[in-house]
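The chain contents come next:
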Amino acid sequence: MALRELKKELNRMDKTEIIKLILEMYKKVPDAKNYLEIFSTGDIKKLAEKYKKEIERYIYPNGRNMDLRETEARKIIRTVRKMNITELNIELELHYVSCCLKIIDDFGYSDESYYLAMGKMFDNAISGIHKQGFEEKYFELIKSLSNKASEFGIELEY
């Protein structure tokens, strides 16, 4: 269904039906529940922690072969971006970068595409920070990540 058709359908419904629909979505669609909780409370902390744990699960090596699955972590972030909650995106993007730097530090991991993906994620976070005017809030974390990256010859500019 196209957005225009959905809008027409919603306009035909009365307030009670719309409330019922939203409550049903809240119960059955986890992403809708997450979005509505943030929408109603404005608090991203609980959801950020949940997604940070998922990101860590994919970034840190797993199994005998020490498989890195950071592409799965990036998929989580791309999915979350669709909620269009910039502060949540920033939190997850910077956490991704932090985890990647820890992998590089702990395991000496060296891969150009890994570095590029990490740099792109950092740039996305910086863009969101500037867009929201959060420079002061994230300054110390950004500085710390940038300094850590420079230890490995990686430039993360802010």
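Predicted, not measured: the structure shown is a model, and the values here were computed from it. (Residues numbered from 1 in each chain as written. Predicted model: local features only at pLDDT ≥ 70, side-chain atom pairs only at ≥ 80, totals over all residues. Heavy atoms only, no water.)

Here we come to the packing of helix H3 (residues 30–41) against helix H4 (residues 45–59). Two numbers describe how H3 lies on H4: the axes approach to 9 Å, and their chain directions differ by 140°. Side by side, H3 and H4 meet where Asp31, Asn34, Glu37 and Ile38 of the first sit next to Lys46, Leu47, Lys50 and Tyr51 of the second. (Axes fitted to C-alpha atoms, helices over the stretch in contact; angles between N-to-C directions. Helix = DSSP H or I, 4+ residues; strand = E, 2+ residues; numbered from the N terminus. Contact = heavy atoms within 4.5 Å.)

Quick look at unusual backbone geometry now. Of note, the phi angle at Asn84 is positive, near 60°, even though the residue is not glycine. Inspection of the secondary structure assignment puts Asn84 in the loop between helix H5 (70–81) and helix H6 (86–107).

Our next topic: the state of the cysteines. Counting across every chain of the model gives zero disulfides. Among the cysteines around Cys99, which has no disulfide bond, Cys100 carries the closest sulfur, lying 7.0 Å off. When its relative accessible area of 2% is taken as the criterion, Cys99 is described as buried. By relative accessible area, which is 0% here, Cys100 ends up buried. (Disulfide = S-S within 2.5 Å. Buried < 20%, exposed > 50% of the residue type's maximum accessible area, 1.4 Å probe, protein only.)

With that settled, consider H4. With 15 residues, H4 extends 21 Å from end C-alpha to end C-alpha; this agrees with the ideal 21 Å at 1.5 Å per step. Turning to H4, the residues buried within the fold contact H3, H5, H6 and helix H7 (112–132). (Expected span 1.5 Å × (residues − 1).)

Further remarks concern the side chain of Thr86. Residue position: Thr86 is located in helix H6. A relative accessible area of 14% places Thr86 in the buried class. Among all residues touching Thr86, those that are not within four sequence positions of it are Gly128, Lys131 and Gln132.

The quantities given are spatial measurements derived from coordinates; they are silent on function.
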